[in-house]
Amino acid sequence: FFMFYDQILEAVTYIQSKINRKPSYAIVLGSGLDAFVDNLLDKEVISYSSIPYFPSSNVKGHKDQLVFGKIKDKEIVCMQGRFHYYEGFTMSQVTFPIYVLHQLGVKNLIVTNACGGINESFHPGDLMIIEDYINFLGVNPLIGENDERLGPRFPDMSEPYNLKWIQFAKDCAGQCQIPYKTGVYALFNGPCFETAAEIRAFKVLGADAVGMSTVPETIVANYLKMRVLGISCITNMATGISQTKHSHEEVLKVANRVSDD
Ligand code: HPA
């Protein structure tokens, strides 16, 4: 794990040699939400493949680059493309960018994703502010020897998504007249979509939405004492609730449609 810490520092040193920015906010853009970077001014881009130890993903709909820029007076860095466990990456690789962003000075992390709706009051195209998660992955990114320089062995997870920030997001949505839902995000491994029986089971367990990402980054960000806000785009109703079959194309189409909101 001492090597892991050195890898983080090496990646940060490389980024800082290319880009002289001090972002305090980072946004992980989920499938179909890449267009958010059009809102940034003074953009500077760095591709994942050039950064030491950064994995590189090839899921359709992801560009695989860090985009630095400003919105009003805020310095922001966006991840266009994230890493998933189902791609075969280790959990350390999936969450490596979060460690790097933290080391770059980012204190506030917004995670977004496309996901399936379990709660029957949801509709495709809805945005859901994530209140809590259920990690059904069976693994955890913090498994392994703990490096106390990064965080504690047993991180508290009673507030994975910052309550004040959730309230702020609700207030902003209200002011902008953007409808939203709130709920619990359940993480499945993927890459196959869930069965109808799995969705029925998770409904009983209290899940409102289901997806294949976001939770590993949330865990590591909390471990690193970052403040986290999570926003899901319900791109389809989950298996068995929806009468139609799922496709990644549909996911991208719906996410693209609401990415402005
Ligand atoms: N299940 C899991 N992940 C997803 C879904 C879904 O229905 N839709 C978009 N991502």
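Data block above holds the structure.
Structure report, in brief. Once a new chain begins, its residue numbering starts again from 1 and follows that chain's sequence as written. For this predicted model, a pLDDT threshold of at least 70 governs which residues receive local features, and a threshold of 80 or more governs which side-chain atom pairs are given and counted, while totals over whole chains, interfaces and linings are taken from all residues. Only hydrogens and water are set aside; all other atoms, that is, all heavy atoms of the structure, feed into the side-chain values.

Now for the overall build of the protein. Here a helix means four or more residues in a row that DSSP labels H or I, a strand means two or more in a row labelled E, and each is numbered from the N terminus. In terms of regular secondary structure, the protein is built from six helices and nine strands. For the protein, whose C-alpha radius of gyration is 18 Å, the value lies close to the compact-globule estimate of 18 Å for 261 residues. All accessibility values rest on the Shrake-Rupley procedure with a 1.4 Å probe; residue burial counts only the protein chains present in the view. Accessible surface for the protein amounts to roughly 12300 Å². Of this, 53% is attributable to carbon and sulfur atoms. Counted as positive: Lys and Arg. Counted as negative: Asp and Glu, with His and the chain ends omitted from the count. Every charge is mapped to an atom, namely NZ of Lys, CZ of Arg, CG of Asp or CD of Glu. Each charge class in the protein can be summarised by its mean position, and for the 23 positive and 28 negative side chains these summaries are 3 Å apart. A radius of gyration in this sense is built from C-alpha atoms; the matching globule rule multiplies 2.2 Å by the number of residues raised to 0.38.

Inspection of the secondary structure assignment puts Ala-173 in helix 3 (residues 163-175). C-alpha separation for the pair Ala-173 and Leu-224, spaced 51 residues apart in sequence, amounts to 28 Å.

A separate point is helix 5 (residues 215-223). In terms of residue burial, helix 5 counts as a mostly covered element, since nine of its nine residues are buried. Those residues of helix 5 that sit buried are Val-215, Pro-216, Glu-217, Thr-218, Ile-219, Val-220, Ala-221, Asn-222 and Tyr-223. In this structure, the buried residues of helix 5 make contact with strand 1 (25-29), helix 2 (91-103), strand 5 (108-117), strand 6 (127-135), strand 7 (181-187) and strand 9 (227-237). Under the scheme applied here, a residue whose accessible area is under 20% of the maximum for its type counts as buried, over 50% as exposed, and between as partly exposed, the area being computed with a 1.4 Å probe on protein chains only. Any two residues whose heavy atoms approach within 4.5 Å are treated as being in contact.

For the rest of this paragraph, the subject is the packing of helix 2 against helix 5. Contact geometry of helix 2 with helix 5 gives a least axis separation of 9 Å together with a crossing angle of 50°. As the angle between them shows, helix 2 and helix 5 are arranged oblique. Helix 2 and helix 5 meet at a crossing whose hand is right-handed. When helix 2 is examined against helix 5, the residues Met-91, Val-94, Thr-95, Ile-98 and Tyr-99 are found in contact with a partner set consisting of Pro-216, Glu-217, Val-220, Ala-221 and Tyr-223. Gly counts as polar in this scheme, as do all residues outside two lists: the nonpolar Ala, Val, Leu, Ile, Met, Phe, Trp, Tyr, Cys and Pro, and the charged Asp, Glu, Lys and Arg. When its residues are assigned to classes, the contact of helix 2 with helix 5 shows eight nonpolar, one polar and one charged. In this analysis, axes come from line fits to C-alpha atoms, helices being fitted only over the stretch in contact, and the angle between any two N-to-C directions falls in the range 0 to 180 degrees. Roughly parallel covers angles under 35 degrees, roughly antiparallel covers those over 145, roughly perpendicular covers 65 to 115, and oblique covers all other angles. Helix crossings are classified by the rotation of the near helix relative to the far one: an anticlockwise turn of less than a right angle makes the crossing left-handed, while a clockwise turn makes it right-handed.

Where burial is concerned, most of strand 5 is hidden: ten out of the ten residues are buried. Across four bridges, strand 1 lies against strand 5 in parallel orientation. Counted as the bridge partner of Ala-26 is Leu-109 from strand 5. Pairing analysis gives two bridges linking strand 5 to strand 8 (residues 209-211), with the strands arranged antiparallel. Residue pairing for strand 8: Gly-116 is matched across the bridge by Val-210. A pair of strands counts as paired when DSSP detects no fewer than two bridges linking them.

Before going further, it helps to spend a moment on the site of the ligand. One heavy atom suffices: a residue is near a molecule or strand as soon as one of its heavy atoms comes within 4 Å of it. Near the ligand the following residues occur: Ala-114, Cys-115, Gly-116, Phe-193, Glu-194, Val-210, Gly-211, Met-212, Thr-235, Asn-236 and Val-251. Under the rule applied, a polar contact is a pair of N or O atoms within 3.5 Å (in protein, one hydrogen donor and one hydrogen acceptor; residues adjacent in sequence only if both atoms are side-chain atoms). In the model, a nitrogen atom of the ligand is placed 3.3 Å from a nitrogen or oxygen of the Ala-114 main chain. A distance of 2.7 Å separates a nitrogen atom of the ligand from a polar atom in the side chain of Asn-236. Here the ligand, which alone exposes 260 Å², has 95% of that area covered by the protein. Of all the elements in the fold, those that place two or more residues in the shell around the ligand are strand 5, strand 8 and strand 9. For the shell around the ligand, the leading source of residues is strand 5, giving three residues. Split into classes, the residues belonging to the shell around the ligand amount to six nonpolar, four polar and one charged.

For the peptide bond that leads from Gly-190 to Pro-191, omega is 0°, which places it in the cis range. Positive phi values are uncommon outside glycine, yet Asp-42 reaches one of about 50°. Note on placement: Asp-42 falls in strand 2 (residues 41-47). The backbone phi angle of Lys-72 is positive, close to 50°, even though this residue is not glycine. Turning to its location among the elements, Lys-72 is positioned in the loop between strand 3 (65-71) and strand 4 (74-80).

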